[in-house]
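Each chain, written out:
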Amino acid sequence: METRVAGVPEDEESGLLPRPSSRGPRFPPPPASWATVDGPLGLPLEDAEGHARRFFLWGFACLPFLWAINCCYFWPVIRSPAASLPSTFAPIRPYVVRSAIGFTIFSVVLITWATTFIVGGEQLFGPVWNDLVMYNVADKLGITGFMG
């Protein structure tokens, strides 16, 4: 005969381990059969690797936002763990993961640079500040005479 403790909910009486579900084991959903966010309307798998590679390589040509586009477009590939991916996505995943790493590094460098200039300014750089900033280029070149 079981005794109930007053004031303790029934689910806490069983201890810390959850009760086995009567619905059976829960399995993760199967991976998507397409590599792009637009699903079956997107690229066929044969073309996806070429696009992922091109986005990744063009990101090095001073276009790092292509890395962000690569990550967004191939989100189903980057979102799920490598072990659960179908073998057809294996050639795409390295380009997408490297694009994510590249865009993260680019973002950190850009934010650090912008914060340094915004917060530091003339106090940080001293007299060199006038050579670094771009808002006084017209004054330096003497082309402000027409502006009243």
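- Within an unreviewed UniProt entry, the label attached to the protein reads Gamma-secretase subunit PEN-2, and the organism entered is Miscanthus lutarioriparius.
- If you open the UniProt record of the protein and go to Subcellular location (unreviewed entry), you find "Membrane".
- Looking at the protein in UniProt, the text filed under Sequence similarities (unreviewed entry) is "Belongs to the PEN-2 family."

**So, the UniProt feature "transmembrane region" (unreviewed entry) in the protein**
Move 1: When the UniProt feature table is mapped to this numbering, "transmembrane region" (unreviewed entry) covers residues 55-75 and 95-119.
Move 2: Taken end to end, residues 95-119 comprises 100% helix and 0% strand; its first and last C-alpha atoms sit 36 Å apart.

**A short note on the pattern of salt bridges**
Move 1: For the structure shown, the criterion picks out 1 salt bridge.
Move 2: Between E49 and R53 there is a salt bridge; the shortest N-O distance is 3.7 Å. Linking E49 with R53, this pair stays in helix α2 (residues 45-58), spanning 4 residues, or about one helical turn.
Move 3: Residue E49 is classed as partly exposed on the basis of its relative accessible area, which comes to 27%.

Scoring rules and cut-offs
Residues numbered from 1 in each chain as written. Predicted model: local features only at pLDDT ≥ 70, side-chain atom pairs only at ≥ 80, totals over all residues. Heavy atoms only, no water. UniProt positions renumbered as here; feature names shortened; annotations may be inferred. Helix = DSSP H or I, 4+ residues; strand = E, 2+ residues; numbered from the N terminus. Salt bridge = Lys/Arg side-chain N within 4 Å of Asp/Glu carboxyl O. Buried < 20%, exposed > 50% of the residue type's maximum accessible area, 1.4 Å probe, protein only.

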